[in-house]
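# Coordinate analysis (summary)
Letter by letter, the chains look like this.
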Amino acid sequence: MRSSLRPLPSLAPAAPPLRSEQLGELARLVGRASRLLLLTGAGVSTHSGIPDYRSPNGSYSKGHKPIQHSEFVQSEAMRRRYWARSYVGFGYFSRARPNAAHVAAAHMEARSLLRGGVVTQNVDGLHQAAGSSAVLDLHGRIDAVECLNCGEVSSRHHLQDRLAGLNDGWLRRMGLQGTAATATIRADGDAELTMEACATFEVPACEACKTGVLKPGVTFFGGSVPAATVEAAREAVAHADALLVVGSSVHTFSAFRLVKQAVDAGTPVALLNIGPSRADPIASLNVQADAAHVLPAIVGELCGAETEREVRRVATNTAESGSLTSSASPSSSQSMCEMEAIASR
């Protein structure tokens, strides 16, 4: 069944062409590893229509400033602004579908080329939507909401319904109905709005404890990744015999320290990204190219041209229909505890 909503347009920046020797080097790294770990960033999801931060077309290039953790927890006005922006942007972001990079990673896992799993900095859940099962969400998930008072975790979709009920007619009054706001969509999963536009927006309290402040289930800039997540990521790196960093400048310390850990342990580290990376000086291999093109090509090099065509076909059908159409990829998702169990094998 095809979705009535059109796929989001790709926001991927222009990429240098991939040279055959670069593909060969990446394929050898993947093929020789018995426990490859994938560390992914925003560049993996730009073909799905989700902006990144640091590319020429990214949020930073447009002057967007991500909300800081301290701003959110200390200011009711900033929380109101965040949720108003999120309310506008959520309809856009919820239409994002896995692209060929996500589908290729799921196929790599299914064919035992990715026994170390995936650690992703992205909060979009697209790796799991593509069928990857061993995924650690380093910075959380945008489709979850947590209460800062009682710790209750609920669905972002449910909160969207609550926000709509409390703010009936607000979009119309603000002139934001339809797709008018998509041009100002930000990498945080929200839309650019003024403080004045947000002033009349109503935000509900936690349904469980009735008074708690609701926060998206993500780690904001300036916030701390939960200790259990940090430890699970460290364990995944410690048990990997190769690390492939895809679509990330590893600018954030939470990601860079994982690369540094691998390098310090003598583990080969390859970078696949468009543009410079913080890890460029210490990586074993650096390829500047498009992940949505290269990851399927690696699958093709190791599993055959027909498998590569299957990856690209599934990605195209997924974007058009809104659902995964291949039985070749795993469909279940694993918790962080299961990721830790995988790392300990």
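Predicted, not measured: the structure shown is a model, and the values here were computed from it. (Residues numbered from 1 in each chain as written. Predicted model: local features only at pLDDT ≥ 70, side-chain atom pairs only at ≥ 80, totals over all residues. Heavy atoms only, no water.)

## So, unusual backbone geometry
Rule in force here: Think of it this way: any DSSP run of H or I at least four residues long counts as a helix, any run of E at least two long counts as a strand, and we number them from the N terminus.
We note that K210 has phi near 75°; this positive angle belongs to a residue other than glycine. Mapped onto the fold, K210 is located in the loop between α8 (195-198) and β6 (214-218). Here V250, not a glycine, exhibits a phi torsion of approximately 40°, which is positive. Tracing the backbone shows V250 in the loop between β7 (242-246) and α10 (253-264).

## Some points on the nonpolar core
What counts is decided by this rule: Nonpolar core, defined: a set of buried Ala, Val, Leu, Ile, Met, Phe, Trp, Tyr and Cys residues in which side-chain atoms within 4.5 Å join the residues together. Categorising residues by exposure relies on relative accessible area from a 1.4 Å probe, with only protein chains included: less than 20% of the type maximum marks a residue as buried, more than 50% marks it as exposed, and the intermediate range marks it as partly exposed. Note on definitions: a residue-residue contact is assigned when non-hydrogen atoms from the two residues lie within 4.5 Å.
One finds L26, L36, L244, V246, L272 and L295 to be the most contacted residues of the largest nonpolar core, which totals 37 residues. Residue contributions to this core peak at 7 residues, all from helix α11 (residues 291-303). Ignoring sequence-local partners within four residues, the contact set of L26 consists of L244, A270, L285, V287, V294 and I298. L138, A236, V237 and V259 belong to the second-largest nonpolar core, a separate cluster that totals 23 residues.

## Quick look at the sheet that holds strand β8 (residues 269-272)
Rule in force here: Two strands are said to pair when DSSP picks up at least two bridges between them. Here an angle of 0 to 180 degrees is reported between the N-to-C directions of two axes, which are lines fitted to C-alpha atoms, with helices fitted over the stretch in contact.
The sheet built from 6 strands is open, its strands ordered β3-β2-β1-β7-β8-β9 with parallel pairing. With partners counted over all chains shown, the strands left at the sheet margins are β3 (135-137) and β9 (285-287), one partner each. With direction set aside, neighbouring strand axes in the sheet form an average angle of 15°. Along the sheet, helix α9 (residues 227-238) contacts β1 (36-40), β2 (118-120) and β3; its crossing angle with β3, the most-contacted strand, is approximately 140°.

## Quick look at the state of the cysteines
Filter applied, for reference: Criterion for a disulfide: a pair of cysteine sulfur atoms within 2.5 Å.
Going through the model one piece at a time under the given rule, you end up with 0 disulfides. Free of any disulfide, C150 has its nearest cysteine sulfur in C147, 3.7 Å distant. C209 takes part in no disulfide bond, and the closest cysteine sulfur to it belongs to C147, at a distance of 3.7 Å. With relative accessibility at 23%, the residue C209 sits in the partly exposed group.

## Let's talk about the pairing of β8
Taking every second residue as pointing to the same face, both faces of β8 are buried, with V269 and L271 on one and A270 and L272 on the other. Bridging between β8 and β9 involves 3 bridges; their strand directions are parallel. The partner of L271 across the bridge, within β9, is N286.

## As for the packing of aromatic side chains
This is how it is decided: Any two of the Phe, Tyr and Trp rings considered here, Trp counted by its six-membered ring, make a pair once their centres fall within 6.5 Å; the pair's planes then place it as stacked at under 30 degrees, edge-to-face at over 60, or tilted in between. A positively charged side chain is recorded as over a ring if its NZ (Lys) or CZ (Arg) lies within 6 Å of the ring centre. The angle to the ring normal must also be within 35 degrees.
One pass over the full model with this rule turns up 8 aromatic pairs. With 5.2 Å between their ring centres and 45° between their planes, F72 and F220 make a pair best called tilted. Taken together, the residues span a long stretch of sequence, with F72 in helix α2 (residues 69-74) and F220 in the loop between β6 and α9 at a distance of 148 residues. For the pair F72 and F220, a shared accessibility class is recorded, and that class is buried. Ring geometry for W170 against F201: centres 4.8 Å apart, planes inclined by 65°, an arrangement best described as edge-to-face. With W170 in helix α7 (residues 170-174) and F201 in the loop between α8 and β6, this residue pair connects regions lying 31 residues apart in the sequence. F201 carries the same exposure label as W170, and that label is buried. Stacked on the ring of F90, the Lys or Arg R156 has its end atom at 4.2 Å from the ring centre. Over the ring of F256 we find R278, and its NZ or CZ is 4.3 Å from the ring centre.

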